[in-house]
Amino acid sequence: MTKELLSNIGIGAKGKGLLGMAILTTALGTLCNAGIMIVILKMMEQITGGRGDLSRYWWALAGITVFRMLFNSISSIVRHFAGFEIVAKIKTQIILRLKQFTLGFYSNERMGEISTVIHNDADNLGGIVGHLGSRMISDFLVAFIIGTGLFLIDWRMGLAMVSLLPAAIWILVRGIQNNLQLKKANQANLADMVSLFVEYTKGIPLLKAFTEIPVFKDRLEASAVKFGESSKKEAKSVASYLGKYFFLFELCYAILATLGAYWVFGNNLSLFDYLIFMIFCREFYRPFAALEGHWLSYMSVKDSYQRVARILDAPVVEKPAAPQEAKHFDIAFDRVGFSYEAGEFELKNASFTLEQGTLTALVGPSGSGKTTITNLMLRFWEPQSGRIQIGDVDIRRMDYDELLANISIVMQNVILFADTIYENIKMGNKNATRAQVMEAARKAMIHDFIMSLPDGYDTPLGENGVGLSGGQKQRLSIARAFLKNAPIVILDEITSNVDPLNEVKIQKAISNLAADRTVLVIAHHLRTIQNADKIIVFNRGEIVEMGKHHQLMQNNGLYRELWDAQERAKEWRICG
Ligand SMILES: Nc1ncnc2c1ncn2[C@@H]1O[C@H](COP(=O)(O)OP(=O)(O)OP(=O)(O)O)[C@@H](O)[C@H]1O
């Protein structure tokens, strides 16, 4: 899987080279440890044998110690580098990929998953493959070298050393397999408990208002107890199989010690070789003793890798082989049919045109499909039938970045970033000068407000524009659209939640923006679009009427119904 991971995320020759070097230097560092022990044993042999000259051993000891320090330092640096390389590659690939997905990819669940992958899984893969992976491989490499060396010294002792190894590994594998179910149940209990806690903290004001806290407290306690019980069960099972596993290793060591001592007394084994075995068999056992940890790391890498792969392999907006450019900006929907994967909504055979230099309004009851139309224009979703053209070019034949560059969107829920007002407007055009940013703000009727703030354009905004009113956010977003200067503008219910004063300012800003562009407005307040060049009325995914305000009023259809309902609601508000 590591190989698949490395090639899938395109870690490249550099990353693989770093990993190879990490394995090699870690193994050499460990072998130096073994070398030091051998030299010390040799010195002891010399001393007990009464031979005097130890100088070459001192030199050997000094040399190996220097090399060990060198290898350990290099291995630590290189393992970090390899980890960083993997983390950086995964994060970059995901971020590049995110831009290419259709909106269908971004369900709420997916947003959570993407965040987990970027924040946890990428670091997990970097840490485990870069650090632990190279250590694990080098540990087994060293065990193989030491094991071979020990077998060559004395095969009988070698056999005694590994005699219980297969049984120990069998117990470990069985134990891990049996524990998987308990682990799964425990994780599910943990997830339930965490989501209950999150729900609780988010809903505290509401729970207080409805005096529901004691009920929730009982549910929280019950879920904490359930998690505690399943944790204990899992811990017991782990303790049981690990206890047996390590007992077999100790038994193996005892067999080796006893048999070795028996052969030493019977003059069938030298004391020196006996000592070598007793010291180095621990080094040989080391990777096996850490096997459970390695297994857990492997499982964790596997999960992380599967989540990364799910994102990297998800379908993206297809690029045309030979992209075409729109020569003008009339937009045409030609018998477009679409339905979401979930739910019953269906857009049926929608055909209409939005002429360049005009303002078209989409109206209709909630859920009739207005926003869906804009999502299709932006290729956030792909229609199942029909086609959408901009300037006689099917939008699927246009370069996707080019398509998005031609459209400015101002939405009801403005997205602002935790940065200064200046940077938030500049997002509309990264190359704009300060003067251009200010000019855009002036046209969007927000300049005076910005200048009234102590730090003016350099005022920092909280996350998602905390500190601004809905209307101010809208006008910032209109300023962005001015700066982008795209020939097509989509305005999605932007005056729904603003006060009348702000609404007037926004209307003025919109009429500035609309000049000479193809403008599509989605509106609930019909008064705000009564001067539109064309009004398209949707109901349950179908176009039921189309025309100018006065024509639609004469039709006495759904538009008239909606209009009258709004006027009546206004009268009630005034009377109330
Ligand atoms: N991602 C989605 N998955 C499934 N169904 C969806 C999705 N997005 C929207 N819908 C459904 O499609 C229908 C049309 O939604 P759309 O947002 O286009 O309506 P709308 O006319 O803009 O409504 P509103 O005026 O309330 O904003 C609704 O029934 C909605 O529930």
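Structure shown above.
Just so it is clear, the model here is predicted, and its values are computed rather than measured. (Residues numbered from 1 in each chain as written. Predicted model: local features only at pLDDT ≥ 70, side-chain atom pairs only at ≥ 80, totals over all residues.)

## Let's talk about the environment of glutamate 493
Note the following rule: Working definition: helices are DSSP H or I runs of at least four residues, strands are E runs of at least two. Numbering for both runs from the N terminus. Burial is judged by counting other C-beta atoms within 10 Å of a residue's own C-beta: 20 or more means buried, 12 or fewer means exposed, and anything between counts as partly exposed, with every C-beta placed from the backbone. Two residues qualify as being in contact provided that their C-beta atoms, derived from the backbone, are within 7 Å of each other.
For glutamate 493, the location among the structural elements is in the loop between β7 (488-492) and α17 (500-514). Residue glutamate 493 is classed as partly exposed on the basis of its C-beta count, with 19 C-beta atoms lying within 10 Å. Between the alpha carbons of glutamate 493 and asparagine 413 there is a distance of 9.1 Å; along the sequence they are 80 residues apart. The residues touching glutamate 493, leaving out its near neighbours within four places in the chain, are Gln412, Ile522, Ala523 and His524.

## A look at the pairing of strand β8 (residues 518-522)
Consecutive side chains along a regular strand alternate between the two faces of the sheet. Note the threshold: Note on pairing: DSSP must find at least two bridges between two strands before they are called paired.
Most of β8 is tucked away: five of the five residues are buried. In this structure, strand β3 (residues 359-363) lies alongside β8, joined through four bridges in parallel fashion. Bridge pairing in β8 links leucine 359 to valine 519. Pairing between β7 and β8: five bridges, direction parallel. Note that in β8 the partner of aspartate 492 across the bridge is isoleucine 522.

## Brief notes about the environment of threonine 420
Within the secondary structure layout, threonine 420 lies in the loop between β6 (407-411) and α13 (421-426). Residue classification places threonine 420 among the partly exposed residues on the basis of 16 C-beta atoms within 10 Å. Among all residues touching threonine 420, those that are not within four sequence positions of it are Tyr457, Asp458, Thr459 and Pro460.

## Focus: the sheet that holds β3
Quick reminder of the rule: With axes taken as lines fitted to C-alpha atoms, and helix axes fitted only over the stretch in contact, angles between N-to-C directions fall between 0 and 180 degrees.
One open sheet holds the six strands; their spatial order is β6-β7-β8-β3-β9-β10, and the pairing between them is mixed. Of all the strands in the sheet, the pair left with one neighbour each is β6 and β10 (542-547). Ignoring strand direction, the axes of neighbouring strands in this sheet form an average angle of 15 degrees. Packing of helix α11 (residues 370-377) onto the sheet brings it into contact with β3, β7, β8 and β9 (534-539), and relative to β8 it is tilted by some 145 degrees.

## Focus: the sheet that holds strand β2 (residues 346-354)
In spatial order, the strands read β2-β1-β4-β5; together these four strands make up an open sheet with antiparallel pairing. Each end of this open sheet is capped by a strand with a single partner; those strands are β2 and β5 (393-394). Note that strand β4 (residues 385-390) and β5 share two bridges and pair antiparallel. Pairing of isoleucine 390 across the sheet is with valine 393, part of β5. Set on the sheet, α11 makes contact with β1 (331-339), β2 and β4; between it and β1 the angle comes to about 110 degrees.

## Things to note about the site of the ligand
To keep things clear, this is the line we draw: Nearness between a residue and a molecule or strand is assessed with a C-beta atom placed from the backbone; a distance within 6 Å qualifies. Put simply, Ala, Val, Leu, Ile, Met, Phe, Trp, Tyr, Cys and Pro go in the nonpolar bin, Asp, Glu, Lys and Arg in the charged bin, and everything else, Gly too, in the polar bin.
Within the structure, the ligand sits among Tyr340, Ala342, Gly343, Phe345, Gly364, Ser366, Gly367, Ser368, Gly369, Lys370, Thr371 and Thr372. Tallied by class, the residues present in the shell around the ligand amount to three nonpolar, eight polar and one charged.

## Examining the nonpolar core
Quick reminder of the rule: The nonpolar core criterion groups buried Ala, Val, Leu, Ile, Met, Phe, Trp, Tyr and Cys residues into a set whenever they are joined through C-beta atoms within 7 Å.
Grouped together as the largest cluster of nonpolar side chains are 63 residues, with contacts concentrated most on Ala361, Val363, Ala444, Ile478, Ala479, Val521 and Ile535. Residue contributions to this core peak at six residues, all from helix α16 (residues 470-484). Not counting the four nearest positions on each side in its chain, isoleucine 535 is found in contact with Ala361, Val363, Ile529, Gly547, Lys548, His549, Leu552 and Tyr559. Residues Leu31, Ile90, Ile276 and Phe284 belong to the second largest nonpolar core, which totals 41 residues.

## With respect to helix α14 (residues 434-443)
Defined as follows: Read the arc as the range of directions from the helix axis to the C-beta atoms.
Buried within α14 we find Val437, Ala440 and Ala441. Looking straight down α14, one finds that the buried residues subtend no more than 100 degrees of arc, so they occupy a single side. Considering only its buried residues, α14 is in contact with α13, α15 (447-452) and α16. Immediately downstream of α14, the backbone of methionine 445 shows phi near 60 degrees, a positive value.

## A few points about unusual backbone geometry
Although it is not a glycine, asparagine 349 adopts a positive phi angle of roughly 45 degrees. The residue asparagine 349 is located in strand β2 in this model. Owing to 14 C-beta atoms within 10 Å, asparagine 349 belongs among the partly exposed residues under this scheme. Even without being a glycine, asparagine 485 presents a positive backbone phi close to 55 degrees. Along the chain, the position of asparagine 485 falls in the loop between α16 and β7. We classify asparagine 485 as partly exposed; it has 14 C-beta atoms within 10 Å.

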